[in-house]
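# Descriptive structure summary
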Amino acid sequence: MDWRRNSWLLSGQLQANRESAPGDLDTDSNTRLLSLSRRGTGRLGANLSWMVTEDDNYNARYRTEAVTADATWRAAPALTFSQKLSRGWRKSDFGTGDSDSWVLSSEIQSAPRPSLRVDLRRTERWVSQEAGVGFTTYSESQADANWEIMPLLTWNGQVISQKRDERDWMIRNSLAWTPLPGGSMALSFQASDYQDSRTDQMRRGAGATADWRPRPRLTLSGSVDKSFERLAGRDSWPLSFQFRGYWTF
C-alpha cells in the first residue's frame, strides 16, 4: 500500500508466512512495516519507519520491533552525507531472549575528481545483552574507492575493519585493463589481491579474458587465471582455464 502527496510517500506492508513440518513443528511468522519518506529534487531526504516481526514456532514466540530514522544531505553535486539511527527491541515468552539495541550508521559518498570515487561508512551497534542475529555488539568501518587511472585502466579498492568478538580486517584490490574496446575482439586483463584476517586467507593472482565474434551469431570466449593462495598457513598455486562457445540460430 502506497500513498503519495507532493514529495511525501507513505508506505505500508504486511507479510505472513507459514512453514509446515511433521510432528507439530509448524512455524508462523508475520511482518508489518510502515514508513514515511520525503524525496524530492532538493538536497535533503528523510525517512521514518516502524517494523514489527512476530515469530511463533514450536518452542518459543518472539517479537522483534524496530524504529528507524535516516536522513540524506547532498551537500554538493559530488558529496553526499547519510545518517541512520535505529532503535530495536526483542522479546520472548520466556524472557531469555529479551534484548534492546541501538544502531548508528554514517556514510559519506564523494567524487573528488571525475575519475575518482571514494565512499566511507561507519556502523556501531550496542545491545543490552546478546540475543542472536541483529542483537549482538558490532562495529564496522569500511572504505571503498574506484579510480580510472587512465582510459581503459581501472583500479578498485576496499578496506573493512570489523569487530565482533575480536577485531578483524579485510582488504581487496583489483586492477582491470581493456585494451581493445569495441570490434569483434574484446580483451581484458585483471590482477587482484585479497586478504582476510578472520579466515586467515590471502589470495593474489592475475588473469586474462578474450571474447571473439567471428560471425554475427557465433561467440567464442576463453579465460585463464593464475593465483597464489594461502589459507590457514597452507600455500597453493591454482591455475584455471575456461572456454565457451555460443551459437544462436
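Values in this document were obtained by computation on a predicted structure and should not be read as measured data.

Rules behind the numbers
- Residues numbered from 1 in each chain as written.
- Predicted model: local features only at pLDDT ≥ 70, side-chain atom pairs only at ≥ 80, totals over all residues.
- Heavy atoms only, no water.
- Helix = DSSP H or I, 4+ residues; strand = E, 2+ residues; numbered from the N terminus.
- Rg over C-alpha atoms; globule rule 2.2 N^0.38 Å.
- Buried < 20%, exposed > 50% of the residue type's maximum accessible area, 1.4 Å probe, protein only.
- Contact = heavy atoms within 4.5 Å.
- Areas by Shrake-Rupley, 256 points an atom, 1.4 Å probe, with all protein chains shown as cover.
- Lys, Arg positive; Asp, Glu negative; His and termini not counted.
- Charge placed at Lys NZ, Arg CZ, Asp CG, Glu CD.
- Pairing = 2+ DSSP bridges.
- Polar contact = N/O pair within 3.5 Å; in protein donor to acceptor, adjacent residues only side chain to side chain.
- Patch = residues over 30% accessible without salt bridge, like charges linked within 9 Å, V, L, I, M, F, W, Y side chains within 5 Å.
- Salt bridge = Lys/Arg side-chain N within 4 Å of Asp/Glu carboxyl O.

## A closer look at the overall build of the protein chain
On a plain count of helices and strands, the protein chain comes out with 0 helices and 16 strands. Against the globule reference of 18 Å for 249 residues, the protein chain gives a C-alpha radius of gyration of 25 Å, more extended than a compact globule. Counting over 249 residues, the protein chain shows a buried share of 24%. Once local pairs closer than 6 in sequence are excluded, the contacts in the protein chain between residues at least 24 apart make up 32%. Accessible surface for the protein chain amounts to roughly 17000 Å². Of this, 57% is attributable to carbon and sulfur atoms. Distance between charge centroids for the protein chain: 9 Å, based on 33 positive and 30 negative side chains.

## Looking at unusual backbone geometry
For residues besides glycine, phi is generally negative; the peptide bonds are generally trans as well. One non-glycine residue with positive phi stands out, namely D200, at about 55°. Structurally, D200 can be placed in the loop between β12 (185–196) and β13 (201–215). Overall, D200 belongs to the partly exposed group, its relative accessible area being 45%. At A232, a position not held by glycine, the phi torsion is positive, near 55°. Take A232: its relative accessible area is 54%, and that puts it in the exposed class.

## Brief notes about the pairing of strand β3 (residues 27–38)
Bridge analysis of strand β2 (residues 8–19) against β3 gives 12 bridges, and the strand direction is antiparallel. Among the inter-strand pairings, L14 is bridged to a residue of β3, identified as R32. Where β3 and strand β4 (residues 44–56) come together, 11 bridges link them in antiparallel fashion. Counted as the bridge partner of N30 is E54 from β4.

## Some thoughts on the pairing of strand β9 (residues 138–150)
With 10 bridges joining them, strand β8 (residues 116–127) and β9 adopt antiparallel strand pairing. By the bridge assignment, R117 is partnered in β9 with N146. As paired elements, β9 and strand β10 (residues 153–163) share 11 bridges and run antiparallel to each other. Pairing of A143 across the sheet is with V159, part of β10. Counting the residues between successive antiparallel strands, the hairpin from β9 to β10 contains 2 residues, one of them, L152, with a positive phi of roughly 80°.

## Structural notes on the side chain of Q162
As for its position among the elements, Q162 is in strand β10. Its relative accessible area of 18% is what places Q162 among the buried residues. Reaching out from Q162, the side chain makes a polar contact with the side chain of E140 at a distance of 2.8 Å. Not counting chain neighbours up to four residues away, the residues in contact with Q162 comprise Y138, S139, E140, R167 and D168.

## Details of a nonpolar patch on the surface
Judged by side-chain polarity, W8, L34, L36, L48, W50 and V67 come together as a nonpolar surface patch covering roughly 500 Å² of accessible area. Relative to the helices and strands, L34 resides in strand β3.

## Quick look at the environment of S35
Examined against the element boundaries, S35 turns out to sit in strand β3. Spatially, the C-alpha atoms of S35 and A69 are 9.7 Å apart, while their sequence positions differ by 34 residues. With near-sequence residues (within four places) excluded, S35 lies in contact with L9, L10, S11, N47, L48 and S49.

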